[in-house]
Amino acid sequence: MLQQQSSWRWLAILVIALVCQACSQGKYIYWRQAAPAQTEAINGFLAYQYIALERVADSAIADYCLQLTSQQTSGYQLFLLQISCAERWLAQELTSEQQQQAIAYYNRALMPLARAAVAKTDTRALNLVLKLQLDADEHGLAFEQLFISADLNAYDPFIQRQQGNGVGISVVGQRANSKTELDRYYPPEGIFRPLTLLPVALDFSDPVLPVLTLRAVLPEVNDGSRTGWTFGSNHYALNYDPAAAYLCLVEVAVVDTLEQSGLFNADKVEDKLGIYAIEPLQRDKIPILMIHGLNSSPLIWRRLSWAILSNPKLAARYQVWHAFYPSGPPPFFNAMRLRQRTDELLKHISPDMRALAANNMVLIGHSMGGIISKTYVQSSGSELWDRTFYKTPSELPLDDATRQTLQDIFIFNAKPYVKTAIFIDTPHRGADTADSWVGRLASALITLPTAIKKVFGHMWLALTREDIKPAMRSYMRGSGPNSVDVLSPRHPLTQALNELAFSVPVYSVIGNAKLAQCTVLKNCELQNDTVVPYSSAHLTQAKEELVVQSAHNSYQSEQAIQFITGILSRSANADTP
């Protein structure tokens, strides 16, 4: 209880730090403090300058906008004139190059006003009132904070913020998770959404105190495309950054503090098990479900998730989902539960299971997450059951609930909604580390959750040791096996799973701690990533394989990320991956 309270206190501190942008130095990101803008007060000449602007011919509007800075006008008065001038400029018939010039000019003039509005600066002393309207999120719930995306910087040099090409100022809206059914499939740390800040009204009804209204627009996504903004008859894309929203979520995430509890004392984090959508759930975007490994969490996917969300083509085609599960229980038990949660989420999105999202999933699993992913794309038949029990499910004297749970663990069919699987550092044939003294020590320290203890407790009330086949008896003892036990190369179910066929195309990313020695296959077979040997991670069925320099963390490899996004990109315009 004290540890849980500590986690919530840490989350509160992080959220406060995120709000205090100018001084924030976080775990993964920091906020750049922008240079102060000119803030000279608006004077009585503004109305006359607007009259002059209205008299400019359309053919001369671009030149007029560009020479505004040479006039004896500065600060907010200049910014207002530039925005109004740019709106007329953007309404003209322009080449692509001219459009980009006009957009840059418009956004540059808008930024100081956007900063003042987001910071809730009182500008009345400068003879201007700023009003801010915030669109609600996809559930109609209000955002509580806004952050300027351009001020966000990542410590990781791989994560470089992309310059937007659309109109408006990219911002991130944040609100707390409501803990209701509406937010069931979103991270408990909060909801973060990309928005675009745009001026929507300039009211001169009080000539000495004009009112500028800015609106934070939530882009609506339909069939993989986002809405735009219209100037005259021209339609422009919005400056919109889902990757920035994701990085804000990463900064306040505390799921990494649950990694060790999930391994050694799973009951403490059982309520966190689930599939979490990073962005609004979409019927018409393909889910990419990322499943972490042993003693790990979804935060390992920072680079890959950012790479997808910062790529406009991929972000329009795919939606990123992260699985979290306590990694102490055996992977077959966790796989059963994650398959059930995935089925539930897809039916929530598409009750008839006919939407694009419900038929084209891409799975990406790291290490033990790869073992779990295999149960989505392989059909076990009775193979795993028969390697464990002498009798069929119906012949065992079990109560119905226990029998059904055991069947769901040992007997599964490939999910028809999965179309591609990518395995990263996956021990398909086990890892010797599980049988080492380190593995035995870790296994001894694992406390299994009540859920699995209950299943095995009921099982042992009805069965005896003689009902279990000899090779499995040591693993089925007591409260049941744990995750480290199952990763042993000697484990009968690991061996059985390795013999099953895949129902979809699969790809492999394999780490190697001594990549320079892996120039030919026979050398690779002798190498490992410090945990999983190449001989265990290699799949003859893989459509493509990539070996990268890695110490069992290939999910961070730039080569691996390029390999994965390349697979996704090749499929982006196809009906299915």
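Everything here concerns the structure above.
Residues numbered from 1 in each chain as written. Predicted model: local features only at pLDDT ≥ 70, side-chain atom pairs only at ≥ 80, totals over all residues. Heavy atoms only, no water.

A.B. asks: Just checking my understanding: could you explain the overall build of the protein for this structure?
C.D. replies: Looking only at helices and strands, the protein features 21 helices and 18 strands. Viewed in the frame of its principal axes, the protein has a C-alpha envelope of about 95 × 50 × 45 Å. Classification of the 577 residues of the protein by burial places 55% in the buried group. In the protein, 76% of the contacts between residues at least 6 apart in sequence involve partners at least 24 apart. Only carbon and sulfur atoms are counted for the fraction: they give 52% of the accessible area of the protein, which is about 24,700 Å². Of the side-chain charges in the protein, 49 are positive and 52 negative, and the distance between the mean point of each set is 5 Å. (Helix = DSSP H or I, 4+ residues; strand = E, 2+ residues; numbered from the N terminus. Buried < 20%, exposed > 50% of the residue type's maximum accessible area, 1.4 Å probe, protein only. Contact = heavy atoms within 4.5 Å. Areas by Shrake-Rupley, 256 points an atom, 1.4 Å probe, with all protein chains shown as cover. Lys, Arg positive; Asp, Glu negative; His and termini not counted. Charge placed at Lys NZ, Arg CZ, Asp CG, Glu CD.)

A.B. asks: Which parts of the structure should I look at to understand the nonpolar core?
C.D. replies: Counting 67 residues, the largest nonpolar core has W321, Y376 and F389 as the members making the most contacts within it. Sort the elements by how many residues they give to this core and helix α10 (residues 331–349) lands first, with eight residues. Counting residues in hydrophobic clusters, the runner-up holds 54 residues, among them V172, V250, V252 and I422. (Core = buried A, V, L, I, M, F, W, Y, C linked by side-chain atoms within 4.5 Å.)

A.B. asks: For this particular structure, what's the right way to read a nonpolar patch on the surface?
C.D. replies: A surface patch of nonpolar side chains, amounting to about 440 Å² of accessible area, comprises W437, V438, L441 and L445. Topologically, W437 is positioned in helix α14 (residues 437–445). (Patch = residues over 30% accessible without salt bridge, like charges linked within 9 Å, V, L, I, M, F, W, Y side chains within 5 Å. Salt bridge = Lys/Arg side-chain N within 4 Å of Asp/Glu carboxyl O.)

A.B. asks: Help me understand the pattern of salt bridges in this model?
C.D. replies: A side chain of one charge can pair with a side chain of the opposite charge if their charged atoms are brought near each other. This model, assessed by the stated rule, comprises 20 salt bridges. For D271, the salt bridge is made with K272, and the minimal N-O distance between the two is 3.3 Å. Given the relative accessible area of 55%, D271 is considered exposed. Sharing partners across several salt bridges, the network here consists of R32, R115 and D151.

A.B. asks: Would you mind going over unusual backbone geometry with me for this structure?
C.D. replies: Among all residues save glycine, negative phi is the norm, and among peptide bonds the norm is trans. Of note, the phi angle at N295 is positive, near 50 degrees, even though the residue is not glycine. You can call N295 partly exposed: its relative accessible area is 32%. One non-glycine residue, M353, lies in the positive phi region at around 55 degrees. With respect to the helices, strands and loops of the structure, M353 is situated in the loop between α10 and β15 (361–366).

A.B. asks: Before we go on, may I ask you to explain the environment of T392 in this structure?
C.D. replies: Mapped onto the secondary structure, T392 falls in the loop between α12 (383–386) and α13 (400–410). Judged by its relative accessible area of 35%, T392 is partly exposed. Measuring from C-alpha to C-alpha, the distance between T392 and D352 comes to 33 Å, with 40 residues separating the pair along the chain.

A.B. asks: What's the story with the sheet that holds strand β17 (residues 506–512) in this structure? I'm lost.
C.D. replies: Backbone-to-backbone hydrogen bonds join strands into a sheet, with any given pair of strands oriented parallel or antiparallel. If you walk across this open sheet you meet the seven strands as β12-β14-β13-β15-β16-β17-β18, and the pairing is mixed. The two strands at the open ends of the sheet, each matched to only one other strand, are β12 (274–277) and β18 (544–549). In this sheet, adjacent strand axes meet at a mean angle of 20 degrees when their direction is disregarded. Relative to β15, strand β13 (residues 286–291) runs parallel, the two sharing four bridges. From the neighbouring strand, L289 faces β15, where its bridge partner is L363. This element, α10, spans β12, β13, β14 (318–324) and β15 of the sheet and lies at about 40 degrees to β12. (Pairing = 2+ DSSP bridges. Axes fitted to C-alpha atoms, helices over the stretch in contact; angles between N-to-C directions.)

A.B. asks: Can you help me understand the pairing of strand β11 (residues 234–237) in this one?
C.D. replies: Remember that side chains alternate between the two faces of the sheet whenever the strand is regular. Across the two faces of β11 the burial differs, with N234 and Y236 buried and H235 and A237 not buried at all. As judged from the four bridges shared by strand β10 (residues 228–231) and β11, these two strands associate in the antiparallel manner. If you follow W229 over to β11, its bridge partner there is Y236. Counted along the chain from β10 to the antiparallel partner β11, the turn is two residues long, and its residue G232 has a positive phi close to 60 degrees.

A.B. asks: Just checking my understanding: could you explain the packing of α13 against helix α15 (residues 450–462) for this structure?
C.D. replies: A pair of packed helices is captured by two measures, namely the crossing angle of their axes and the spacing between those axes. It is at 10 Å that the axes of α13 and α15 come closest, and there the two elements cross at 115 degrees. As α13 runs across α15, the sense of the crossing is left-handed. Contact residues: T402, T405 and L406 in α13; V455, H458 and M459 in α15. Taken together, the residues that form the contact of α13 with α15 break down as three nonpolar, three polar and no charged. (Left-handed = near helix turned anticlockwise from the far one by under 90°. Nonpolar A, V, L, I, M, F, W, Y, C, P; charged D, E, K, R; others polar.)

All we've got here are geometric facts, nothing functional implied.
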